[in-house]
Structure formats: C-alpha cells, structure tokens
Amino acid sequence: MNTVSGTEAESEPGSLGKVQPRQLIVTVYGLYARDTGGWMSVASLIQLLADLGVEAPTVRSSVSRLKRAGLLEAESVSGAAGYRISPETERILRDGDPRIFAARRATVDEGWVLVVFSVPESERAKRHTLRTQLTRLGFGSVSAGVWIAPGHVHGEAEDMLARHGLRSYADLFRADYLSVAGGGDGGLSAKVRSWWDTVRLQRLYVAFLAAHRPAAERIAGGSPLTDREAFTTYIRVLTDWRRLVYLDPGVPRELLPAEWSGTEASELFDELHTRLAGPAHRHVERLRTG
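Residues numbered from 1 in each chain as written. Predicted model: local features only at pLDDT ≥ 70, side-chain atom pairs only at ≥ 80, totals over all residues. Heavy atoms only, no water.

Draft legend 1. Molecular detail of the layout of surface pockets. Counted as a void, the second largest pocket has a volume near 430 Å³. Arg99, Ala102, Ala103, Arg104 and Arg105 are, among the 20 residues lining the second largest pocket, the residues nearest its centre. When residues of the lining of the second largest pocket are traced back to their parent elements, those giving at least two are helix 4 (87-101), helix 9 (227-245) and helix 10 (262-289). Among the residues forming the lining of the second largest pocket, the class breakdown is nine nonpolar, five polar and six charged. (1 Å grid on protein atoms, 1.4 Å probe; cavity = no way out; pocket = protein on both sides within 12 Å on 5 of 7 lines; lining within 4 Å. Points joined across faces, edges and corners; volume = space filled by probe spheres on them. Helix = DSSP H or I, 4+ residues; strand = E, 2+ residues; numbered from the N terminus. Nonpolar A, V, L, I, M, F, W, Y, C, P; charged D, E, K, R; others polar.)

The following block contains the structure:
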C-alpha cells in the first residue's frame, strides 16, 4: 500500500521541512482506505489525525482542498459522512507502490531513457504538466527540451505521456552514454550531478536519518512502541519517505557521491516499515471498529 505519489516542496532546501496536514491525510488514505473500498468516514479520519496532532477544523479544510483537487470524492456510507479516493488517485496509489516500498536503483549497463519534447508557447499549460510529470518520474534536465532518466523508467514515461495526452509532443529514446561533450574528463558522474541536485538529496537523506533513527534505536533497545505510537511514527516516516523517493532518480550507486546516505536511509525505512506497519494497522482497525 502507498500514499499518493508526487511531492510538495520542503520549507527549506536540504531539510525535510514541515509536513502539511493534507500530506498526512493522503498517507492515511493510501495505507488504510484501499482495504475498505477506498472509503473512510470523516469521524475516523478526524480521530486518526488527532493522534498526529492535527485539529478537526484543519482536517476538514484540508480534506476540502483535496476534494477540490480531485483526489477525494465525498460519499456517505450507511449514513456516515466520508470521502472515497477518486479513480485517478487509486491509479496513482497503485503505480506508486513499487517506488515507495521497493525502490529500485539502476545499474550502469541498463542505459538511459531520453524524452525529447517541444511544446508550443500557446500550450504552456501542457508544457508545465509535462515537466511536472517528468520530475515526478525522476527525470533530470539535460537541456530545455531533453530530459533523462535511468532506462527502467521507460514504461512509466510511455504511460504518463499517453495518460496526459502528451504523446504527440515528445519522442522517447533508449541511450547509452559514450563520452563527455567536448572531451572533458568529468565523466558520467559529473553529468549526473549536473542533471540532478544530488547534493541537496544527500542532505535530505541525512535529515531523514536524523529524524527517524531514534525510533528504530528505541525499538532495538527493547522499548517497543504502543500501537498508537507505532501509528503516529509510521505515518510520519512514510510521509517523509514518499517525498524523498520521488526526488531520487535511482541512478546507479557508482555514479553518486562517495558520501551517500541514500542506502542507509532506505535500510532504515525498510526496518521501520517491518516493525511498525502491523501495530499501526491494529491501531487503525481498533479505532474503526470502535
């Protein structure tokens, strides 16, 4: 299970920033609504977000914004007011599961996928959509109309272009890296640093470790969390992790800086997911069944 894919900007470069209530709501729906047909009552949502320190009026206003954005749809079930995830949100959740729970790092011999596009000035909205979606898939910008990603992203890119009606504006190529333009000696690693902000991503991984390692250490030290504590910790861990994996293009490890905390952060997420998912689910089920 998963949260909605895509990210919101952090409050400061290089920090995880403050988590917005709507991000927490999306995480809760992604984890716990799909196993009940995509629906959750407003009352349950308010109780769960109260555990996370979010007050009821803020929950209601955040849900309204998510409804206006087309992510949630209002629906009453057996007289109880609630919201259901929209079909588009369900698709986003399903597509995002592998990226969040089984993040993949490419190998050099897989090559690259290039998206070469040209969108007329009169259709700037489509250009913005294309760039936004490419960023969400982990593409980096080589130049204004040429974007690059590890080769295994090819299928996702094809689906995205078709889904958003952008196929006529873009061509996709599979590519192998041959040499640095102009004969420089920077190598492919230098190119990767120019296509993606790996310095900032490294800082974000360090921030993730600093924020969430204490919970793992507490559990490992023989101080288990209550189900409620597991829920609040898990929601925050997953919300932070979701934002990170949609910034990380998954390029081969040997092309990344020597000091790279992404691997350690991934191991920490896997450990916390294993330890917290079950107790957190028990807490939600106990609340929903009353």
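Draft legend 2. Representation of the sheet that holds strand 1 (residues 39-41) in the model. If you walk across this open sheet you meet the three strands as 1-3-2, and the pairing is antiparallel. The sheet terminates laterally at strand 1 and strand 2 (72-77), the two strands that pair on one side only. Direction aside, neighbouring strands of the sheet carry axes that sit 35 degrees apart on average. Relative to strand 3 (residues 80-85), strand 1 runs antiparallel, the two being bridged by three bridges. Bridge pairing links Met40 to Tyr83 in strand 3. Packing against the sheet, helix 1 (residues 21-32) makes contact with strand 1, strand 2 and strand 3, and its axis sits at approximately 120 degrees to strand 1. The sheet strands contacting helix 3 (residues 56-68) are strand 2 and strand 3, and the helix crosses strand 2 at an angle near 115 degrees. (Pairing = 2+ DSSP bridges. Axes fitted to C-alpha atoms, helices over the stretch in contact; angles between N-to-C directions. Contact = heavy atoms within 4.5 Å.)

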